[in-house]
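For reference, the chains in residue letters:
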Amino acid sequence: MKAGSSGNPTANLSGGASAFLAKRLNGVSESATLKLNAMVQSMKAQGIDVVNLTAGEPDFNVPDAAKEAIQKALAENKSKYTPVLGIPELRQAVLEKTHKQQPEIGAKNPWKVDEVLVTNGGKQALYNAFMALLNPGEEVLIPSPFWLSYPEMVKLAEGKPVTVDTRYEEGFKLKPETLRAAIRDSASRTGGAGPKVLVLNGPGNPTGVGYSLDELRALGKVILEMRDSGHAKNLWVISDEIYDRIVFDGKPFVSFGAACPELRDQLITVNGMSKSAAMTGWRIGWSIARKELTQAMMTIQGQSTSGINSLAQWASLAALKLPESVFEHQVKSFQKRRDLTLEILGKADKIKVVRPTGAFYAFVGIGSFLNDGEDSMGFAERLLQEAKVAVVPGTPFGAPEFCRLSYATDEASLAKGCERLVEFCLKQGAKRSSNS
Ligand code: PLP
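These figures come from a predicted structure and were not determined experimentally. (Residues numbered from 1 in each chain as written. Predicted model: local features only at pLDDT ≥ 70, side-chain atom pairs only at ≥ 80, totals over all residues. Heavy atoms only, no water.)

Draft legend 1. Expanded view of the site of the ligand. In the vicinity of the ligand, 13 residues are found, and the nearest of them are G122, D240, Y243, S274 and K275. At 2.7 Å from an oxygen atom of the ligand is found a main-chain nitrogen or oxygen belonging to G122. With respect to the ligand, the side chain of S274 contributes an N or O atom lying 2.6 Å from an oxygen atom. Out of a free accessible area of 390 Å², the ligand has 92% covered by protein chains. Take the shell around the ligand: its biggest share by element is three residues, from helix α5 (residues 121-133). Class assignment for the residues of the shell around the ligand results in four nonpolar, five polar and four charged. (Near = heavy atom within 4 Å. Polar contact = N/O pair within 3.5 Å; in protein donor to acceptor, adjacent residues only side chain to side chain. Areas by Shrake-Rupley, 256 points an atom, 1.4 Å probe, with all protein chains shown as cover. Helix = DSSP H or I, 4+ residues; strand = E, 2+ residues; numbered from the N terminus. Nonpolar A, V, L, I, M, F, W, Y, C, P; charged D, E, K, R; others polar.)

Spelled out as structure tokens, the structure:
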């Protein structure tokens, strides 16, 4: 567990020649993948056959219903400012979706339409939440590996990201005893205050791992227990459920709000259209949280970006109303590609990978194939230059001996990329026993 560390090779944006910049930017990173992306682009421009397995977005098209709805909204001139919270029709649809996923909250203490805030993607919902909750130096527990934006957003909000390591051997899942220890440590570091926020993300980026109902219940129990014992008096849970629809093997998606409805008033559920409806560019996300917090997040949004693009909201409403069957082929296709990925990577036994249960990523342990002093950044560069495969290094996700491989690409390219990765690893051979 590392206090104040994201495992990120941070570019100090406010240092050196940019000393005029606000100190708030100290240690906040730009995207760590820019250099790699630039290399991919330049290789492609030279006509080199690069297989790009870095995509963070589905390769499917937007549902026709959304395309038709946006045209209709335009024809009807629904193009004025919308309420900062979002159009009521969309917020109502979000409520209905959420109550299906959080049935006990829906039955006993349902969310209200003014507890939904429509945002510029899931990202703005998360950013609003950190900005509204964090005082300088307050701790945010982030299970590692993590989506790389969490620690950076916490730093921008002047909070302190505290990563909580999960283990490959335990399927990269946060264990109740690990959470208990992390809360206790935080309480002792902060004079008893304890952490302000815990971030959960399932199915997760970069691991593709999701939690079962029992696993989430066990985590919820720890939070309630630690709250009662005074170690986590002010703890909020942010549950990032942006990959909710993309779950495999017939197992249902489980929302944290279903597992621990008792925490309703300390819970912020974040979701959106980007991944589950292949609408990344439309920038529609949302948060659901109790009214006082939603009002505060609305103030932040109202004074910065205002209500979200009106037409995209109408299109999202149409996509939200579609039956699950419309998206079945996408989920099936991701599952098939997950299986293909695991089958090919299985040919090199020193490549480690936890079986993803959702999303569209495989987090691949390449610790055995690192050169002395090298981490996944160096490995990814060599892989790109020598084997012509682009993957995202795990270092900015808090896992320097892993790389994230996305299977949001066609099967032929995926198979080619995975074969090249395996061949690259087998050719060079294991250099050491990995300690990840
Ligand atoms: N949360 C996770 C775990 C993600 O992977 C992403 C996008 O990659 C987001 C949130 C942000 O999603 P959006 O594009 O809706 O802002």
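Draft legend 2. Fine view of the state of the cysteines. Scanning all chains against the criterion turns up zero disulfides. C425 provides the cysteine sulfur closest to C403, a residue in no disulfide bond, and the two sulfurs are 8.8 Å apart. Classification of C403 as buried rests on a relative accessible area of 3%. C418 takes part in no disulfide bond, and the closest cysteine sulfur to it belongs to C425, at a distance of 11 Å. Judged by relative accessible area, which is 0%, C418 ranks as buried. (Disulfide = S-S within 2.5 Å. Buried < 20%, exposed > 50% of the residue type's maximum accessible area, 1.4 Å probe, protein only.)

Draft legend 3. View of the packing of aromatic side chains. Evaluated as defined, the whole model comprises 13 aromatic pairs. With a centroid separation of 4.8 Å and 55° between ring planes, the pair formed by F360 and Y361 is classed as tilted. Across the pair, Y361 and F360 agree in class, each one buried. Joined through ring pairs, the aromatic side chains of F60, Y243, F334, F360 and Y361 make up one cluster. Its end group placed over the ring of W314, K78 keeps NZ or CZ at 3.9 Å from the ring centre. (Phe/Tyr/Trp six-rings, centres within 6.5 Å; stacked < 30°, edge-to-face > 60°. Lys NZ or Arg CZ within 6 Å of the ring centre and 35° of its normal.)

Draft legend 4. Highlighting the environment of V116. Note that V116 resides in strand β3 (residues 116-120). Remark: the alpha-carbon pair of V116 and T294, spanning 178 residues in sequence, is separated by 7.0 Å. Setting aside chain neighbours within four positions, we find V116 in contact with L85, R91, V94, L95, W286, S287, I288 and T294. (Contact = heavy atoms within 4.5 Å.)

Draft legend 5. Just the packing of helix α7 (residues 176-189) against helix α8 (residues 213-228), in detail. In contact at an axis separation of 9 Å, α7 and α8 are set at 30° when each is read in the N-to-C sense. When the axis of α7 is compared with that of α8, the two are roughly parallel. Crossing of α7 against α8: the hand is right-handed. Residues P176, L179, R180, I183 and R184 of α7 form the contact with α8, whose own contacting residues are A218, L219, V222, I223, E225 and M226. Per-class residue counts for the contact of α7 with α8 are eight nonpolar, no polar and three charged. (Axes fitted to C-alpha atoms, helices over the stretch in contact; angles between N-to-C directions. Parallel < 35°, antiparallel > 145°, perpendicular 65-115°, else oblique. Left-handed = near helix turned anticlockwise from the far one by under 90°.)

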